[in-house]
Amino acid sequence: MLWNWDYALSILPSLLEALQVTIYATIMGFAFALIFGLLLAFGRRSKIRVLSLISGAFVEFIRSTPLLAQLFFIFYALPQLPYVGISLSPLTAGILGLGIHYSTYLSEVYRAGIDAVPRGQWEAAIALNFSKGRTWLNIILPQAIPPIVPVLGNYLIGMFKDTPMLSAVTVVELLLTARIIGTHSFRFIEPFTMVGILFLVLSYISSLGVQWLEYRLNSRT
Amino acid sequence: MVRFHRVSKSFGDLEVLRDINLEIAPSEIVAIIGSSGSGKTTLVRMLMTLEKPTSGTIEVDGELLWHKKENGRLVPADEKHLRKVRSKVGMVFQQFNLFPHMKILRNVTEAPIHVLGLSREEAEQEAISMLEKVGLGDKLDAYPSQLSGGQQQRVAIARALVMHPKVMLFDEVTSALDPELVGEVLQVLKEIAAEGKTTMLIVTHEMDFAREVADRIVFIDGGRILEEGPPEQLFGNPRNQRTREFLSRFRRTI
Ligand SMILES: Nc1ncnc2c1ncn2[C@@H]1O[C@H](COP(=O)(O)OP(=O)(O)O)[C@@H](O)[C@H]1O
Ligand SMILES: [Mg+2]
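In this report, the structure presented in the accompanying data block is examined. Remember, it's a predicted structure, so these values are computed and weren't measured experimentally.

Remarks on the overall build of chain B
Right, on to step 1. For chain B, the helix and strand inventory stands at nine helices and 12 strands.
Right, on to step 2. Relative to its length of 254 residues, chain B is compact, with a C-alpha radius of gyration of 19 Å against a globular reference of 18 Å.
Right, on to step 3. Considered along the principal axes of its C-alpha atoms, chain B spans approximately 55 × 50 × 35 Å.
Right, on to step 4. Looking at the 254 residues of chain B, the share that counts as buried comes to 55%.
Right, on to step 5. Look at the contacts in chain B between residues 6 or more apart in sequence, and 62% of them connect residues 24 or more apart.
Right, on to step 6. Of the roughly 11,400 Å² of accessible surface on chain B, 45% is carried by carbon and sulfur atoms.

Written out as structure tokens, the structure reads:
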């Protein structure tokens, strides 16, 4: 028999448990990327030259090296650095790695969104004497972010699909769990098929969520 | 109230304004006229701190705008000083520049709340009465994109007025409007002028309007003030050849 329903049902709880780790890593990693990506975008726009150079170099560097190499570095090499070295749990290292990697892509997305806000908006903000912080918070970002929500959403789904990489730093996420189950029972068809379906279902739900958010944001103006 | 002293402005090699000297008294209404590219916008943008003069000084209400005195010497102003002096100036733009993501009421309350520190109730009360004054009391819950150009520009005027600037700058505020909407905006400007509380600097191509409301007309050409004087004199009996040419060219094209 190619597909054994009893077996499939029996492994479902373990897979769902592992899925929680995957979802948790995605949410935390993406939250980190959203915030750090925005900081990188600010950094690149900064009038302080050193800051904008460092931010730019950082973005270029992270974007041109593999995620896997960054994960290895954070998990295995970081603890060995003198003074600054810290040991992170596999999951924390994984979240940090995903977050940093994706933040460099998100920073470019933010940048495009910010650049698309007309100059006149900045000038109106100056004419009304808003502080720099208020200008960003109340005037620029609320106009810069809604148009980039779909792109941010795509990166969220991309990050979700990249979570199996975390198994390389010993995080027991969904795909690794499926492999362990398969190795024990010598049946791989059910676990890997179910992993595929779970990824598909969640990606689909996320894309619906993004569409809904996009609709909500655009219906305001 | 405003004093330009030997102000020049260059963009790279291009000298846009040269040696501008201009004094504006409190509550005075000054109209700036001149052909396109003569530097009118740049002049008012420097007063709004959107453009930095290359040389010279600008004073607003007795305070230097782009400089401050430190041990008797002039040093470039920092952001804090700029914000303090800038609070005396307000501006209305050719393209309105309303905040598209905010409803009309919030467009007008945002700065009083977050810049002046008013409570929401105070700010809304004043915003509503200001919007009523410009004839838009029924549009509080609309978004800017739902209004006509003339209505948007009146909102922009209300938004600037609730900050109670001592000096208001208007840069060709009717130039982006369909001809039939120009009148309603000029009417609002006339009302502000009639109140006599605000010093106004109006860049305009509406000569009849300028003649009617302005105390003084300033003609700018090629980055210099070529002639200034009361409307009757400048329109009726211009001294400078370039002014005469400009005005006659204008009458022909209108
Ligand atoms: N940011 C800028 N960079 C370079 N040139 C500019 C800039 N702003 C204005 N100029 C130039 O300065 C001159 C005066 O422009 P402006 O003050 O807008 O004139 P006006 O408002 O009288 O039409 C024009 O030649 C214009 O091209
Ligand atoms: Mg202009």
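Still more ground to cover, so stick around.
Details of the overall build of chain A
Right, on to step 1. Counting its secondary structure elements, chain A contains nine helices and zero strands.
Right, on to step 2. Put simply, chain A runs from its N terminus to its C terminus through helices and strands in the order α-α-α-α-α-α-α-α-α.
Right, on to step 3. Projecting the C-alpha coordinates of chain A onto the three principal axes gives extents of approximately 75 × 50 × 25 Å.
Right, on to step 4. Counting every position in chain A, which comprises 221 residues, the buried fraction comes to 42%.
Right, on to step 5. In chain A, 75% of the contacts between residues at least 6 apart in sequence involve partners at least 24 apart.
Right, on to step 6. In the form shown here, chain A has an accessible surface area of approximately 11,800 Å², with 70% of it arising from carbon and sulfur atoms.
Right, on to step 7. Separation between the mean location of the 14 positive side-chain charges and that of the 10 negative ones in chain A comes to 14 Å.

What to know about the packing of helix 3 (residues 104–114) of chain B against helix 4 (residues 120–133) of chain B
Residue and element names in this part refer to chain B.
Right, on to step 1. Interaxial distance between helix 3 and helix 4 falls to 9 Å at its minimum, and their mutual angle equals 130 degrees. As summarised for this structure, helix 3 and helix 4 are arranged oblique, according to the angle between their axes. Between helix 3 and helix 4 lies a crossing of right-handed hand. Along the contact surface, helix 3 presents I104, L105, V108, T109, P112 and I113, while helix 4 presents R120, A123, E124, A127, I128 and L131.
Right, on to step 2. Residues of the contact of helix 3 with helix 4, tallied by class, amount to nine nonpolar, one polar and two charged.

Focus on the sheet that holds strand 5 (residues 63–64) of chain B
Residues and elements named next belong to chain B.
Right, on to step 1. The four strands are arranged 2-1-4-5 in an open sheet whose pairing can be described as antiparallel. The open sheet has two edge strands, strand 2 (14–24) and strand 5, and neither has a second partner.
Right, on to step 2. Pairing analysis gives five bridges linking strand 1 (residues 2–11) to strand 4 (residues 55–60), with the strands arranged antiparallel. Bridge assignment links R3 to a residue of strand 4, and that residue is E59.

So, the nonpolar core
Right, on to step 1. The biggest cluster of nonpolar side chains holds 73 residues, and the ones touching the most others in it are F4(B), L43(B), L47(B), I58(B), M91(B), L169(B) and L201(B).
Right, on to step 2. Residue contributions to this core peak at nine residues, all from helix 4 (residues 90–115) of chain A.
Right, on to step 3. Non-local contacts of I58(B), meaning those with residues more than four positions away in its chain, are made with R3(B), F4(B), V7(B), M46(B), L47(B), P53(B), E63(B), L64(B), L65(B) and W66(B).
Right, on to step 4. If you look at the next biggest cluster of nonpolar residues, it comprises 50 residues, including L131(B), A160(B), L186(B) and F219(B).

Thoughts on helix 3 of chain B
Right, on to step 1. Where burial is concerned, most of helix 3 of chain B is hidden: nine out of the 11 residues are buried.
Right, on to step 2. Looking at the buried residues of helix 3 of chain B, the elements they touch are helix 6 (132–144) of chain A together with helix 4 and helix 5 (149–161) of chain B.

Rules of the game
- Residues numbered from 1 in each chain as written.
- Chains lettered and ligands numbered in written order.
- Predicted model: local features only at pLDDT ≥ 70, side-chain atom pairs only at ≥ 80, totals over all residues.
- Heavy atoms only, no water.
- Helix = DSSP H or I, 4+ residues; strand = E, 2+ residues; numbered from the N terminus.
- Rg over C-alpha atoms; globule rule 2.2 N^0.38 Å.
- Buried < 20%, exposed > 50% of the residue type's maximum accessible area, 1.4 Å probe, protein only.
- Contact = heavy atoms within 4.5 Å.
- Areas by Shrake-Rupley, 256 points an atom, 1.4 Å probe, with all protein chains shown as cover.
- Lys, Arg positive; Asp, Glu negative; His and termini not counted.
- Charge placed at Lys NZ, Arg CZ, Asp CG, Glu CD.
- Axes fitted to C-alpha atoms, helices over the stretch in contact; angles between N-to-C directions.
- Parallel < 35°, antiparallel > 145°, perpendicular 65-115°, else oblique.
- Left-handed = near helix turned anticlockwise from the far one by under 90°.
- Nonpolar A, V, L, I, M, F, W, Y, C, P; charged D, E, K, R; others polar.
- Pairing = 2+ DSSP bridges.
- Core = buried A, V, L, I, M, F, W, Y, C linked by side-chain atoms within 4.5 Å.

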